[in-house]
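# Geometric and topological summary
For reference, the chains in residue letters:
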Amino acid sequence: MIALLQRDLRLALRAGGGFGLGLAFFLMVAVLVPLGVGPEGALLSRIAPGILWVGALLACLLSLDRMFALDFEDGALDLMAVSPLPLEGVVAMKALAHWLVTGLPLVVIAPVLGVLLSLPSGGYVWLLASLMLGSPALSLIGGFGAALTVGLKRGGLILSLIVLPMYVPTLIFGAEAVRRGAVGAEAMVPLLLLAAISLGSAAILPFAAAAALRANLK
Amino acid sequence: MSIWEYANPKKFMQTSSWALPWVSGLAVVLLAVGLVWGFFFTPEDYKQGSTVKIIYLHVPSAMMAVSAWFMMLAGSLIWLIRRHHVSALAAKAAAPVGLTFTVIGLVTGAIWGQPMWGTWWAWDPRLTSFLILGLFYLGYIALWAAVEDADTAADLTSVLCIVGSVFAFLSRYAVLFWNQGLHQGASLSVDSEQHVSDIYAFPLWTCIAGFVVLFVTLVLLRTRTEIRSRRIRALMARERAGA
């Protein structure tokens, strides 16, 4: 499993494209929104939590279809399926690798973009915490969607149609935690619920994704 | 005699062709009675005026939109566990019907909400979760349409349906996180003290029964269509192979 993780990370970092793309997209969203709604500070700081979360979510979505597609095309996924490593473990490692190269950089860069969007100073801790706890769920849910659509020719569109509704609870609790934190209200409850979604996804979705992969590889 | 007999497409076609006129007739009768009773023979509400009557379309379609997903969940589970094609096809057939009920629920709600709440749409918990349910239907239908191999499509959509019901359920309660919104609580119940008055409740129950039977009719009809189209495809494949 560790070897698979190392391989995926190395591929993501060296093959180029996928790694920086999500980050650049996140940056573009944070730049475009103030240009679109106007640079008024009060308005921006009110919508900043939502914008940051939606941006992170879409940036995550961008790189999802690459999660299994390349390995599916060149047959590496078939080899993984017949290897002694259970397919559930493969899926979990793939999701972890996706999170490390996409989710984690988003978490790191998010406070910088928070400054661009004039997020109130109380919100930064909650922004970091909510993205840290919530972005694994994005990768796991996305991994399930990617596993469902890996065999499709026009998979990308359907992938987003399937995955986005499932992102809704994560988005609601994540943005709610930041919003409450930013105005100084009690933000622990949405944060805990967010952690629950991530843990629940980690417990259940690898199995569902592995079932979908098996159906696709048959 | 067991329910699994209907896993045989031939048996299913026989029984459903016998049952179809009866259930469709029953649906027409129930809906006609319920709607005419509701629209013309109930008094107007003292606050809401005649707009209260949209309840006879709104509540049943909203209930069936949720129930249809559970019916698809049952069909998907049966397909995954026992590999009965009819069950997978019934789940496939139910999806567009469920989507239609969702849209009817949303549209009638908007038409009622405009004069009552002063807005077509509000990001209210119930409305939002219902919209998300509609998106789940769309994703499910799109996945069925996109996968070429029929058995793979049935497998994938079944997994999606199971995971989707977890998330549909979750978004249902996630949105409750916002304070109770504009939408009122359940207005129909058998045990609670406070609910809609009997004069509206009886035609409403009739309409609900009518929508349930209508759903059964449409699903039977669409499942028969699916079975027939699969037979045609099999025949065409055989002809091509023979030629």
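Overview of the structure.

The secondary structure content of chain B amounts to 6 helices and 0 strands. If you list the helices and strands of chain B from N to C, you get α-α-α-α-α-α. Taking the intrachain contacts of chain B between residues at least 6 apart in sequence as the baseline, contacts between residues at least 24 apart amount to 77%.

Take the nonpolar core next. Residue and element names in this part refer to chain A. Counting 133 residues, the largest nonpolar core has Ala56, Phe144, Ala147 and Ala212 as its most contacted members. Looking at this core, the element that brings in the most residues is helix H8 (residues 155-182), giving 15 residues. If we skip the residues at most four places from it in the chain, Ala147 touches Phe68, Val91, Ala209, Ala212 and Leu213.

Quick look at the environment of His98 of chain A now. All names here are of chain A. Structurally, His98 can be placed in helix H6 (residues 87-116). Distance in space between the C-alpha atoms of His98 and Leu44 is 30 Å, their sequence separation being 54 residues. Contacts of His98, omitting those with residues within four sequence positions, involve Ser63, Met67, Ser139 and Gly143.

With that settled, consider the interface of chain B and chain A. On the chain A side, the residues contacting the 21 residues of chain B number 20 residues. For the side of chain B that touches chain A, the secondary structure elements donating two or more residues are helix H4 (125-146) and helix H5 (150-174) of chain B. Sorting elements by how many residues they give to the side of chain B that touches chain A places H5 of chain B first, with 10 residues. When its residues are assigned to classes, the side of chain B that touches chain A shows 17 nonpolar, 3 polar and 1 charged.

Next up on the list: the packing of H8 of chain A against H4 of chain B. A pair of packed helices is characterised by two quantities: the angle between their axes and the separation of those axes. Put simply, H8 of chain A and H4 of chain B touch, their axes get as near as 9 Å, and they point 155° apart. Compared by their axis directions, H8 of chain A and H4 of chain B come out roughly antiparallel. As for how H8 of chain A packs across H4 of chain B, the hand of that crossing is left-handed. Between H8 of chain A and H4 of chain B, the contacting residues are Ile158, Leu161, Ile162, Pro165 and Val168 of chain A on the first element and Ile132, Leu135, Phe136, Leu138, Gly139, Ala142, Leu143 and Ala146 of chain B on the second. When the residues that make up the contact of H8 of chain A with H4 of chain B are grouped by side-chain class, the tally is 12 nonpolar, 1 polar and no charged.

Calculation rules
Residues numbered from 1 in each chain as written. Chains lettered and ligands numbered in written order. Predicted model: local features only at pLDDT ≥ 70, side-chain atom pairs only at ≥ 80, totals over all residues. Helix = DSSP H or I, 4+ residues; strand = E, 2+ residues; numbered from the N terminus. Contact = placed C-beta atoms within 7 Å. Core = buried A, V, L, I, M, F, W, Y, C linked by C-beta atoms within 7 Å. Buried ≥ 20, exposed ≤ 12 C-beta atoms within 10 Å, placed from the backbone. Nonpolar A, V, L, I, M, F, W, Y, C, P; charged D, E, K, R; others polar. Axes fitted to C-alpha atoms, helices over the stretch in contact; angles between N-to-C directions. Parallel < 35°, antiparallel > 145°, perpendicular 65-115°, else oblique. Left-handed = near helix turned anticlockwise from the far one by under 90°.

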